[in-house]
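# Residue-level structural notes
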Amino acid sequence: MAGKIVVLGTGGTIAGKAAAPGDNLGYTAAQLGVQDLLAAIPALAGLPIATEQVAQLDSKDMGPTAWRDLALRCAHWLAQPDLRGIVITHGTDTLEETAFFLQALLAPAKPVVVTCAMRPATALAPDGPQNLVDAIAVAQAPGARGVVAVCAGVIHGAREVRKVHPYRLDAFSSGDAGPLGHIEDGLLRIEGNWPAERASHAQAAMEKIASGAPWPRVEIVTSHAGAGGALVEALIQQGVDGLVVAATGNGSVHRELEAALLAAQAHGIRVVRSTRCEQGRVLPHRGDVLPHSDGLSPVKARIALLLELMAL
Ligand code: ASP
């Protein structure tokens, strides 16, 4: 292996433990350290792999503190000339958000591979060890760059990846775009492009994050049958900085919710329109009154807006 790999642990089911080996659901996430995860894989012994425990949480609880630590540690390691790539062990619930956050902020020229598991480490047949081995192989691959997710033998780009299933091992999809590639018995089959996109205000956002400045408040509201404006009105009262609407279909919004969002916009609050649809994107058309999310899902549109507001 030419160059060092660093594995950053953040918790998740991959580090989870259950009382009974057959229990794939009744477990506690984030129990094992990242070193324990590597020690359970004899094939990795003796390889130049460093580890760091950056966080230890169930990724449903992911938030600014862990994201800040992760961004700073990634930036630190990426600047080391002998570093080949980074692997991050992470829970599946918000993996797509962390992957997109790091890509938008850092757009690394080296690979940052986020991996996970759907079953705890104590399961009869845990999926974490294979995912970790695959992720390390991707981090070592010639030409690999940018933030990607690796799960169940599939490589997904940070912009496209979404969790689409609450239980099956192959829980992620890249939607219309299709996966970036596959990893089969250690060999990569690449079908897409490595992520290169960086938020235009990423440098300023990174400086704010590093300085410990408070993060803007950006909330997601959903348009649905019977939706009204009360939630948005309450958020305006509370001083929300930005709003993403998970709109129906091609970005349509219930008229009562839309009226409240337009009022928010008139107050100077940034509003972005994404879609509840799992696939596709909001296609702009004449007469749009709220800007669209440029193909980002609601949770990723929230991150893009967060970084933009942070940079102001
Ligand atoms: N709740 C867990 C987490 O996101 C689920 C998982 O990792 O699969 O940390």
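In this report, the structure presented in the accompanying data block is examined. (Residues numbered from 1 in each chain as written. Predicted model: local features only at pLDDT ≥ 70, side-chain atom pairs only at ≥ 80, totals over all residues. Heavy atoms only, no water.)

## Focus: the pairing of strand 1 (residues 4-11)
Counting buried residues along strand 1, seven of its eight residues qualify, which places the element largely inside the surrounding structure. Bridging between strand 1 and strand 5 (residues 83-89) involves six bridges; their strand directions are parallel. Opposite Val7, over in strand 5, you have Val87 as the bridge partner. Of the pairings in the sheet, the one linking strand 1 to strand 4 (residues 49-57) comprises six bridges and is parallel in character. (Buried < 20%, exposed > 50% of the residue type's maximum accessible area, 1.4 Å probe, protein only. Helix = DSSP H or I, 4+ residues; strand = E, 2+ residues; numbered from the N terminus. Pairing = 2+ DSSP bridges.)

## Section: the site of the ligand
Around the ligand lies a shell formed by Gly12, Thr13, Asp58, Ser59, Lys60, Gly91, Thr92, Asp93 and Ala117. The separation between an oxygen atom of the ligand and a polar side-chain atom of Thr13 is 2.9 Å. Between the ligand and Thr92 there is a distance of 2.5 Å, counted from an oxygen atom to a side-chain nitrogen or oxygen. With the chains in place, 93% of the 270 Å² that the ligand exposes on its own is no longer accessible. Class assignment of the residues belonging to the shell around the ligand gives a composition of one nonpolar, five polar and three charged. (Near = heavy atom within 4 Å. Polar contact = N/O pair within 3.5 Å; in protein donor to acceptor, adjacent residues only side chain to side chain. Areas by Shrake-Rupley, 256 points an atom, 1.4 Å probe, with all protein chains shown as cover. Nonpolar A, V, L, I, M, F, W, Y, C, P; charged D, E, K, R; others polar.)

## Quick word on the sheet that holds strand 15 (residues 270-275)
If you trace the three strands from one edge of the open sheet to the other, you get 13-14-15, paired in parallel fashion. Every interior strand has two partners, whereas the edge strands, strand 13 (218-222) and strand 15, have only one. Along the sheet, successive strands turn relative to each other by an average axial angle of 25°, direction set aside. Sheet strands touched by helix 8 (residues 298-310): strand 13, strand 14 (242-247) and strand 15. Its angle to strand 14, the strand with the most contacts, is close to 165°. (Axes fitted to C-alpha atoms, helices over the stretch in contact; angles between N-to-C directions. Contact = heavy atoms within 4.5 Å.)

## Examining the side chain of Thr13
Structurally, Thr13 is set in the loop between strand 1 and strand 2 (17-18). Classification of Thr13 by relative accessible area gives buried; the value is 8%. Among the polar contacts made by the side chain of Thr13, one reaches the side chain of Tyr27 at a distance of 2.5 Å. Once you skip the residues sitting within four places of it in the chain, Thr13 turns out to touch Tyr27, Ala29, Gly91, Ala117, Met118, Arg119, Pro120 and Ala121.

## Focus: the nonpolar core
Counting 53 residues, the largest nonpolar core has Leu8, Ile86, Ile88, Phe101, Leu102, Leu105 and Leu307 as the members making the most contacts within it. Of all the elements, helix 3 (residues 95-106) adds the most residues to this core, at eight residues. By size, the runner-up hydrophobic cluster in this structure holds 28 residues, among which are Ile14, Val34, Val113 and Leu132. (Core = buried A, V, L, I, M, F, W, Y, C linked by side-chain atoms within 4.5 Å.)

## A closer look at unusual backbone geometry
With a phi close to 55°, Ala152 is a non-glycine residue in the positive phi region. Summarising the element assignment, Ala152 is placed in the loop between strand 7 (146-151) and strand 8 (154-157).

## So, the side chain of Lys300
By the secondary structure assignment, Lys300 is in helix 8. Buried and unpaired, Lys300 has Glu96 as its nearest opposite-charge partner, separated by 5.5 Å. Polar side-chain contacts of Lys300 include one of 2.9 Å to the backbone oxygen of Arg159. What Lys300 contacts, discounting residues up to four positions off in sequence, is Glu96, Phe100, Ala158, Arg159, Glu160 and Val161. (Lys, Arg positive; Asp, Glu negative; His and termini not counted. Salt bridge = Lys/Arg side-chain N within 4 Å of Asp/Glu carboxyl O.)

## Topic: the environment of Phe172
Within the element layout of this structure, Phe172 appears in strand 10 (residues 172-173). In this structure the C-alpha to C-alpha distance between Phe172 and Val150, which are 22 residues apart in sequence, comes to 9.1 Å. Apart from the residues lying within four places of it in its own chain, the contact partners of Phe172 are Thr92, Leu95, Cys116, Cys151, His156, Val161, Arg162, Lys163 and Val164.

## Concerning the pairing of strand 7
In terms of burial, strand 7 is a largely internal element, six of the six residues being buried. Burial of the side chains of strand 7 extends over both faces: Gly146, Val148 and Val150 are buried on one face and Val147, Ala149 and Cys151 on the other. Sheet analysis places strand 6 (residues 111-115) next to strand 7, joined by five bridges and oriented parallel. Bridging from a neighbouring strand, Val112 pairs with Val147 of strand 7. Taking the sense of rotation as the criterion, the β-α-β connection linking strand 6, helix 4 (residues 128-140) and strand 7 turns out left-handed. As judged from the four bridges shared by strand 7 and strand 8, these two strands associate in the antiparallel manner. Following the sheet pairing, Val150 is matched in strand 8 by Ile155. Remark: two residues form the turn of the hairpin made by strand 7 and strand 8, two consecutive strands paired antiparallel; Ala152 in that turn has positive phi of roughly 55°. (Right-handed = clockwise from strand over helix to strand, strands pointing away.)

## Overview of the packing of helix 2 (residues 64-78) against helix 3
Remark: helix 2 packs on helix 3, axes separated minimally by 11 Å, with the N-to-C direction vectors making an angle of 50°. Classed by the angle they form, the pair helix 2 and helix 3 counts as oblique. Pair helix 2 / helix 3 crosses with right-handed handedness. Contacts between helix 2 and helix 3 involve Trp67, Leu70, Ala71, Cys74, Ala75 and Leu78 on the former and, on the latter, Glu97, Thr98, Phe101, Leu102, Leu105 and Leu106. By residue class, the composition of the contact of helix 2 with helix 3 is 10 nonpolar, one polar and one charged. (Parallel < 35°, antiparallel > 145°, perpendicular 65-115°, else oblique. Left-handed = near helix turned anticlockwise from the far one by under 90°.)

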